[in-house]
Amino acid sequence: MVKKVLTIAGSDSLSGGGLQADLATFATQGVAGFSVISSLAIIEKDGVRIKPVDQSTFDAQLASVGQVDHFDAIKVGLLCSLEQIHSVVRFLKDYIGPVVVDPVLFFKEGNLTLERSIIKAYIEQLFPLATVATPNLREAMSLLGEDEIPKSKGAALNFTKQLSLSARCAILFKAGDEVLADQFVDLLIDEEGHPAVIRHKLIQSDYRDGAGCTLAAMLTARLAQNEELKDAAKTSIDFARQSILHGYTISSDREEGNVFPNWSLANDD
Ligand SMILES: Nc1ncnc2c1ncn2[C@@H]1O[C@H](COP(=O)(O)OP(=O)(O)O)[C@@H](O)[C@H]1O
Ligand SMILES: Cc1ncc(COP(=O)(O)O)c(C=O)c1O
(Lines give C-alpha, C1' and ligand atoms only; values in the text may rest on other atoms or scores of the structure.)
(Ligands and ions follow the chains in the order given, each with its own letter.)
Protein backbone atom coordinates (compact mmCIF):
# COMPACT_ATOMS: atom_id res chain seq x y z
CA MET A 1 0.00 0.00 0.00
CA VAL A 2 1.47 3.39 -1.02
CA LYS A 3 2.03 5.69 1.96
CA LYS A 4 0.63 9.17 1.39
CA VAL A 5 2.18 12.19 3.08
CA LEU A 6 0.98 15.80 2.96
CA THR A 7 3.02 18.96 3.37
CA ILE A 8 1.37 22.31 4.04
CA ALA A 9 4.18 24.71 3.19
CA GLY A 10 5.49 27.68 1.29
CA SER A 11 7.13 27.43 -2.11
CA ASP A 12 10.80 28.40 -2.35
CA SER A 13 11.76 28.73 -6.00
CA LEU A 14 15.44 28.52 -5.02
CA SER A 15 14.76 25.17 -3.28
CA GLY A 16 16.48 26.24 -0.07
CA GLY A 17 13.56 24.90 1.97
CA GLY A 18 9.81 24.86 1.64
CA LEU A 19 7.76 22.33 -0.28
CA GLN A 20 10.58 21.74 -2.78
CA ALA A 21 12.79 20.37 0.01
CA ASP A 22 9.86 18.48 1.56
CA LEU A 23 8.81 16.69 -1.64
CA ALA A 24 12.45 15.90 -2.50
CA THR A 25 12.87 14.35 0.95
CA PHE A 26 9.61 12.37 0.73
CA ALA A 27 10.77 10.93 -2.61
CA THR A 28 13.87 9.41 -1.00
CA GLN A 29 11.57 7.43 1.31
CA GLY A 30 9.32 6.08 -1.43
CA VAL A 31 6.22 7.81 -0.07
CA ALA A 32 3.75 9.74 -2.24
CA GLY A 33 3.91 13.48 -1.53
CA PHE A 34 0.96 15.89 -1.63
CA SER A 35 1.07 19.65 -1.04
CA VAL A 36 -0.97 22.65 0.02
CA ILE A 37 0.83 25.93 -0.74
CA SER A 38 0.58 28.68 1.87
CA SER A 39 2.77 31.23 0.17
CA LEU A 40 5.45 32.02 -2.35
CA ALA A 41 8.76 32.82 -0.68
CA ILE A 42 10.80 35.01 -2.96
CA ILE A 43 14.42 34.89 -1.91
CA GLU A 44 16.27 37.99 -3.02
CA LYS A 45 19.93 38.95 -2.68
CA ASP A 46 19.26 40.90 0.51
CA GLY A 47 16.34 39.07 2.12
CA VAL A 48 13.07 37.24 1.74
CA ARG A 49 9.69 38.44 0.45
CA ILE A 50 6.68 36.32 1.35
CA LYS A 51 3.58 36.47 -0.85
CA PRO A 52 0.79 34.59 0.96
CA VAL A 53 -1.77 32.89 -1.28
CA ASP A 54 -5.19 34.42 -0.71
CA GLN A 55 -7.26 32.79 2.00
CA SER A 56 -9.92 31.31 -0.29
CA THR A 57 -7.23 29.67 -2.47
CA PHE A 58 -5.56 28.27 0.63
CA ASP A 59 -8.86 26.88 1.92
CA ALA A 60 -9.73 25.46 -1.52
CA GLN A 61 -6.44 23.52 -1.55
CA LEU A 62 -7.20 22.11 1.91
CA ALA A 63 -10.66 21.08 0.66
CA SER A 64 -9.01 19.50 -2.39
CA VAL A 65 -6.60 17.34 -0.36
CA GLY A 66 -9.60 16.53 1.86
CA GLN A 67 -10.67 14.22 -0.99
CA VAL A 68 -7.78 11.89 -0.14
CA ASP A 69 -9.11 9.08 2.09
CA HIS A 70 -6.21 9.14 4.50
CA PHE A 71 -2.74 10.64 4.88
CA ASP A 72 -0.19 8.53 6.75
CA ALA A 73 1.38 11.71 8.15
CA ILE A 74 1.15 15.48 7.73
CA LYS A 75 3.86 18.14 7.92
CA VAL A 76 3.06 21.79 8.57
CA GLY A 77 5.71 24.33 7.53
CA LEU A 78 5.50 28.05 6.79
CA LEU A 79 2.13 29.65 7.62
CA CYS A 80 1.77 33.39 7.14
CA SER A 81 -1.32 34.57 8.99
CA LEU A 82 -3.70 33.81 11.83
CA GLU A 83 -6.33 32.89 9.22
CA GLN A 84 -4.02 30.28 7.70
CA ILE A 85 -3.30 28.86 11.16
CA HIS A 86 -7.03 28.68 11.90
CA SER A 87 -7.72 26.84 8.63
CA VAL A 88 -4.98 24.31 9.37
CA VAL A 89 -6.30 23.84 12.91
CA ARG A 90 -9.78 23.10 11.49
CA PHE A 91 -8.26 20.67 8.96
CA LEU A 92 -6.21 18.83 11.59
CA LYS A 93 -9.07 18.53 14.08
CA ASP A 94 -10.57 15.73 11.96
CA TYR A 95 -7.24 14.03 11.30
CA ILE A 96 -5.92 10.97 13.09
CA GLY A 97 -2.22 10.27 12.49
CA PRO A 98 1.22 11.78 13.03
CA VAL A 99 1.55 15.55 12.58
CA VAL A 100 4.92 17.32 12.48
CA VAL A 101 4.77 21.10 12.93
CA ASP A 102 7.92 22.96 11.90
CA PRO A 103 7.24 26.50 13.14
CA VAL A 104 8.95 28.62 10.47
CA LEU A 105 9.31 31.88 12.39
CA PHE A 106 12.76 32.82 11.07
CA PHE A 107 14.58 32.33 7.78
CA LYS A 108 18.33 31.88 7.37
CA GLU A 109 17.96 34.12 4.30
CA GLY A 110 16.40 37.04 6.24
CA ASN A 111 13.92 37.89 8.97
CA LEU A 112 10.16 37.48 8.90
CA THR A 113 8.01 39.97 10.78
CA LEU A 114 5.73 38.10 13.10
CA GLU A 115 2.91 39.30 15.25
CA ARG A 116 2.69 38.07 18.83
CA SER A 117 -0.79 36.68 18.08
CA ILE A 118 0.77 34.23 15.60
CA ILE A 119 3.16 32.88 18.23
CA LYS A 120 0.23 32.56 20.66
CA ALA A 121 -1.85 30.67 18.07
CA TYR A 122 1.01 28.22 17.47
CA ILE A 123 1.25 27.48 21.18
CA GLU A 124 -2.42 27.42 22.08
CA GLN A 125 -4.02 26.01 18.95
CA LEU A 126 -1.62 24.32 16.54
CA PHE A 127 0.96 22.54 18.71
CA PRO A 128 -1.67 20.70 20.80
CA LEU A 129 -2.77 19.00 17.54
CA ALA A 130 0.81 18.01 16.68
CA THR A 131 2.70 14.84 17.47
CA VAL A 132 5.95 16.79 17.53
CA ALA A 133 7.13 20.36 16.87
CA THR A 134 10.64 21.17 15.63
CA PRO A 135 11.72 24.73 16.57
CA ASN A 136 15.29 25.95 16.14
CA LEU A 137 17.01 28.09 18.78
CA ARG A 138 15.57 31.46 17.80
CA GLU A 139 12.12 29.97 17.27
CA ALA A 140 12.17 28.25 20.66
CA MET A 141 13.26 31.50 22.32
CA SER A 142 10.46 33.50 20.76
CA LEU A 143 7.90 30.77 21.51
CA LEU A 144 8.94 30.83 25.18
CA GLY A 145 9.40 34.60 25.29
CA GLU A 146 13.01 34.06 26.48
CA ASP A 147 15.91 36.26 25.51
CA GLU A 148 18.76 34.31 27.10
CA ILE A 149 20.38 31.54 25.06
CA PRO A 150 20.54 28.27 27.09
CA LYS A 151 24.26 27.86 27.65
CA SER A 152 24.47 24.28 28.91
CA LYS A 153 22.98 20.88 28.18
CA GLY A 154 20.85 21.14 31.34
CA ALA A 155 19.54 24.60 30.45
CA ALA A 156 18.69 23.48 26.91
CA LEU A 157 16.88 20.43 28.27
CA ASN A 158 14.87 22.67 30.60
CA PHE A 159 13.96 24.82 27.62
CA THR A 160 12.71 21.74 25.75
CA LYS A 161 10.68 20.54 28.75
CA GLN A 162 9.07 23.95 29.22
CA LEU A 163 8.20 24.11 25.54
CA SER A 164 6.73 20.62 25.55
CA LEU A 165 4.57 21.50 28.57
CA SER A 166 3.22 24.71 27.08
CA ALA A 167 2.84 23.27 23.57
CA ARG A 168 1.30 19.99 24.80
CA CYS A 169 3.20 17.94 22.23
CA ALA A 170 6.60 16.32 21.86
CA ILE A 171 9.43 18.71 20.99
CA LEU A 172 12.52 18.18 18.87
CA PHE A 173 14.49 21.31 19.75
CA LYS A 174 17.28 22.06 17.23
CA ALA A 175 19.32 23.99 19.77
CA GLY A 176 22.34 24.23 17.44
CA ASP A 177 25.94 25.14 18.09
CA GLU A 178 25.58 27.91 20.66
CA VAL A 179 24.92 25.58 23.63
CA LEU A 180 28.15 23.55 23.60
CA ALA A 181 31.33 24.54 21.77
CA ASP A 182 32.09 22.60 18.55
CA GLN A 183 29.00 20.44 18.85
CA PHE A 184 25.53 20.56 17.43
CA VAL A 185 22.84 19.77 20.02
CA ASP A 186 19.37 18.45 19.21
CA LEU A 187 17.08 17.65 22.15
CA LEU A 188 13.93 15.55 22.20
CA ILE A 189 11.12 15.36 24.73
CA ASP A 190 8.97 12.52 23.42
CA GLU A 191 5.21 11.94 23.78
CA GLU A 192 5.73 10.40 27.24
CA GLY A 193 7.98 13.22 28.41
CA HIS A 194 11.19 11.14 28.09
CA PRO A 195 14.24 13.25 27.27
CA ALA A 196 17.01 12.45 24.79
CA VAL A 197 19.99 14.65 24.04
CA ILE A 198 21.58 14.05 20.66
CA ARG A 199 24.99 15.70 20.39
CA HIS A 200 26.82 15.50 17.11
CA LYS A 201 29.83 16.97 15.43
CA LEU A 202 29.36 20.47 14.05
CA ILE A 203 29.66 20.54 10.25
CA GLN A 204 31.38 23.67 8.93
CA SER A 205 29.37 24.40 5.81
CA ASP A 206 27.67 27.35 4.12
CA TYR A 207 25.29 25.00 2.32
CA ARG A 208 22.60 24.68 4.97
CA ASP A 209 19.51 26.33 3.44
CA GLY A 210 16.67 23.84 3.78
CA ALA A 211 18.24 21.82 6.61
CA GLY A 212 15.29 22.39 8.95
CA CYS A 213 12.66 21.55 6.33
CA THR A 214 14.60 18.44 5.32
CA LEU A 215 14.84 17.25 8.92
CA ALA A 216 11.10 17.78 9.57
CA ALA A 217 10.12 16.22 6.22
CA MET A 218 12.18 13.11 6.97
CA LEU A 219 10.61 12.92 10.44
CA THR A 220 7.17 13.06 8.80
CA ALA A 221 8.04 10.34 6.27
CA ARG A 222 9.45 8.04 8.98
CA LEU A 223 6.46 8.56 11.28
CA ALA A 224 4.24 7.72 8.28
CA GLN A 225 6.11 4.42 8.18
CA ASN A 226 5.27 3.81 11.85
CA GLU A 227 8.79 4.42 13.18
CA GLU A 228 8.97 5.35 16.89
CA LEU A 229 9.52 9.08 17.44
CA LYS A 230 12.93 8.69 19.07
CA ASP A 231 14.25 6.47 16.25
CA ALA A 232 12.67 8.71 13.61
CA ALA A 233 14.34 11.76 15.20
CA LYS A 234 17.77 10.09 15.05
CA THR A 235 17.25 8.96 11.45
CA SER A 236 16.13 12.47 10.50
CA ILE A 237 19.15 14.13 12.13
CA ASP A 238 21.48 11.73 10.28
CA PHE A 239 19.62 12.51 7.07
CA ALA A 240 19.87 16.29 7.61
CA ARG A 241 23.60 15.90 8.28
CA GLN A 242 24.11 13.93 5.06
CA SER A 243 22.04 16.48 3.13
CA ILE A 244 24.31 19.26 4.45
CA LEU A 245 27.46 17.28 3.66
CA HIS A 246 26.16 16.87 0.08
CA GLY A 247 25.06 20.54 -0.09
CA TYR A 248 25.68 22.65 -3.17
CA THR A 249 26.08 26.23 -4.29
CA ILE A 250 23.38 27.77 -6.50
CA SER A 251 25.35 30.80 -7.66
CA SER A 252 28.89 32.11 -7.51
CA ASP A 253 27.31 35.39 -6.28
CA ARG A 254 25.96 33.79 -3.08
CA GLU A 255 27.98 32.44 -0.20
CA GLU A 256 25.11 30.34 1.12
CA GLY A 257 23.91 27.24 -0.68
CA ASN A 258 21.30 24.51 -0.34
CA VAL A 259 21.27 21.15 1.35
CA PHE A 260 20.78 18.28 -1.09
CA PRO A 261 18.12 15.86 0.17
CA ASN A 262 18.36 13.72 -2.98
CA TRP A 263 22.03 12.86 -2.47
CA SER A 264 21.32 9.12 -2.35
CA LEU A 265 19.58 9.22 -5.76
CA ALA A 266 22.26 11.25 -7.57
CA ASN A 267 24.66 9.97 -10.21
CA ASP A 268 28.15 10.67 -8.98
CA ASP A 269 29.62 11.44 -12.43
N1 LIG B 1 26.30 22.95 11.11
C2 LIG B 1 25.66 21.83 11.40
N3 LIG B 1 26.33 20.76 11.86
C4 LIG B 1 25.70 19.61 12.14
N5 LIG B 1 24.38 19.42 12.00
C6 LIG B 1 23.66 20.45 11.56
C7 LIG B 1 24.24 21.71 11.24
N8 LIG B 1 23.27 22.55 10.82
C9 LIG B 1 22.12 21.84 10.87
N10 LIG B 1 22.35 20.58 11.31
C11 LIG B 1 21.36 19.48 11.44
O12 LIG B 1 20.24 19.82 10.65
C13 LIG B 1 19.09 20.01 11.49
C14 LIG B 1 18.22 21.15 10.98
O15 LIG B 1 18.98 22.31 10.74
P16 LIG B 1 18.78 23.73 11.41
O17 LIG B 1 19.63 24.61 10.57
O18 LIG B 1 19.08 23.66 12.85
O19 LIG B 1 17.25 24.00 11.24
P20 LIG B 1 16.54 25.34 10.79
O21 LIG B 1 16.70 25.34 9.29
O22 LIG B 1 15.12 25.18 11.21
O23 LIG B 1 17.26 26.46 11.48
C24 LIG B 1 19.65 20.28 12.87
O25 LIG B 1 18.73 19.92 13.85
C26 LIG B 1 20.91 19.42 12.88
O27 LIG B 1 20.61 18.07 13.22
C1 LIG C 1 8.89 28.40 2.00
C2 LIG C 1 9.98 28.17 2.99
N3 LIG C 1 9.72 27.48 4.12
C4 LIG C 1 10.69 27.26 5.03
C5 LIG C 1 11.96 27.74 4.88
C6 LIG C 1 12.96 27.48 5.98
O7 LIG C 1 14.07 26.80 5.49
P8 LIG C 1 15.13 26.10 6.46
O9 LIG C 1 14.92 24.64 6.31
O10 LIG C 1 16.45 26.56 5.95
O11 LIG C 1 14.85 26.56 7.85
C12 LIG C 1 12.27 28.45 3.74
C13 LIG C 1 13.62 28.97 3.54
O14 LIG C 1 13.95 29.58 2.55
C15 LIG C 1 11.26 28.68 2.76
O16 LIG C 1 11.49 29.38 1.64
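- As named in an unreviewed UniProt entry, the protein chain is pyridoxal kinase, taken from Fructobacillus fructosus.
- Its UniProt record gives the protein chain a comment under Sequence similarities (unreviewed entry), which states: "Belongs to the ThiD family."
- According to UniProt, the comment filed for the protein chain under the heading Catalytic activity (unreviewed entry) is "pyridoxal + ATP = pyridoxal 5'-phosphate + ADP + H(+)".

## Focus: the overall build of the protein chain
Thought 1: In terms of regular secondary structure, the protein chain is built from 8 helices and 9 strands.
Thought 2: Scaling as 2.2 N^0.38, a compact globule of 269 residues should have a C-alpha radius of gyration of about 18 Å, and the protein chain matches this with 17 Å.
Thought 3: Overall, the C-alpha framework of the protein chain stretches about 50 × 50 × 40 Å when taken along its three principal axes.
Thought 4: Sorting the 269 residues of the protein chain into buried and exposed places 52% on the buried side.
Thought 5: Across the protein chain, contacts joining residues at least 24 apart in sequence account for 67% of those joining residues at least 6 apart.

## Details of helix 3 (residues 82–93)
For an α-helix the count is 3.6 residues per turn, leaving residues at separations of three or four pointing the same way.
Thought 1: For helix 3, built from 12 residues, the straight-helix expectation of 16 Å at 1.5 Å per residue is met to within 8% by its first-to-last C-alpha distance of 16 Å.
Thought 2: Those residues of helix 3 not exposed but buried are Gln 84, Ile 85, Ser 87, Val 88, Val 89, Phe 91 and Leu 92.

## So, the pairing of strand 8 (residues 183–189)
Thought 1: The buried count for strand 8 comes to 5 of 7 residues, which makes it a mostly enclosed element.
Thought 2: As defined by bridge partners, strand 7 (residues 170–176) adjoins strand 8 across 5 bridges and the pair is classed as antiparallel. Within strand 8, the position partnered with Ile 171 by the bridge is Ile 189.
Thought 3: The antiparallel pairing of strand 7 with strand 8 creates a hairpin that spans 6 residues between the two strands, and Asp 182 there sits at a positive phi of about 65 degrees.
Thought 4: Note that strand 8 and strand 9 (residues 195–201) share 7 bridges and pair antiparallel. What sits directly across from Phe 184, in strand 9, is His 200.
Thought 5: Hairpin geometry of strand 8 and strand 9 is characterised by an intervening segment of 5 residues between the two adjacent antiparallel strands and by a positive phi of about 85 degrees at Gly 193.

## Description of the pattern of salt bridges
Thought 1: As enumerated under the stated definition, the model contains 5 salt bridges in all.
Thought 2: Where Arg 49 meets Glu 44, a salt bridge forms, and the shortest distance between an N and an O atom there is 2.9 Å.

## As for unusual backbone geometry
Thought 1: If you check the backbone angles, Ser 15 has positive phi at about 60 degrees while not being a glycine.
Thought 2: Within the element layout of this structure, Ser 15 appears in the loop between strand 1 (4–12) and helix 1 (18–28).
Thought 3: Classification of Ser 15 as partly exposed rests on a relative accessible area of 28%.

## Some points on a negative patch on the surface
Thought 1: On the surface, a cluster of negative charge is contributed by Glu 191, Glu 192, Glu 228 and Asp 231.
Thought 2: Here Asp 231 lies in helix 8 (residues 229–245).
Thought 3: The exposure class of Asp 231 is partly exposed, given its relative accessible area of 40%.

## A look at the side chain of His 200
Thought 1: The residue His 200 is located in strand 9 in this model.
Thought 2: A relative accessible area of 14% places His 200 in the buried class.
Thought 3: If we ignore the near neighbours within four places in the chain, the residues touching His 200 are Gln 183, Phe 184, Asp 186, Ile 237 and Arg 241.

What counts, and where the lines are drawn
- Residues numbered from 1 in each chain as written.
- Chains lettered and ligands numbered in written order.
- Predicted model: local features only at pLDDT ≥ 70, side-chain atom pairs only at ≥ 80, totals over all residues.
- Heavy atoms only, no water.
- UniProt positions renumbered as here; feature names shortened; annotations may be inferred.
- Helix = DSSP H or I, 4+ residues; strand = E, 2+ residues; numbered from the N terminus.
- Rg over C-alpha atoms; globule rule 2.2 N^0.38 Å.
- Buried < 20%, exposed > 50% of the residue type's maximum accessible area, 1.4 Å probe, protein only.
- Contact = heavy atoms within 4.5 Å.
- Expected span 1.5 Å × (residues − 1).
- Pairing = 2+ DSSP bridges.
- Salt bridge = Lys/Arg side-chain N within 4 Å of Asp/Glu carboxyl O.
- Patch = residues over 30% accessible without salt bridge, like charges linked within 9 Å, V, L, I, M, F, W, Y side chains within 5 Å.
- Areas by Shrake-Rupley, 256 points an atom, 1.4 Å probe, with all protein chains shown as cover.
- Lys, Arg positive; Asp, Glu negative; His and termini not counted.
- Charge placed at Lys NZ, Arg CZ, Asp CG, Glu CD.

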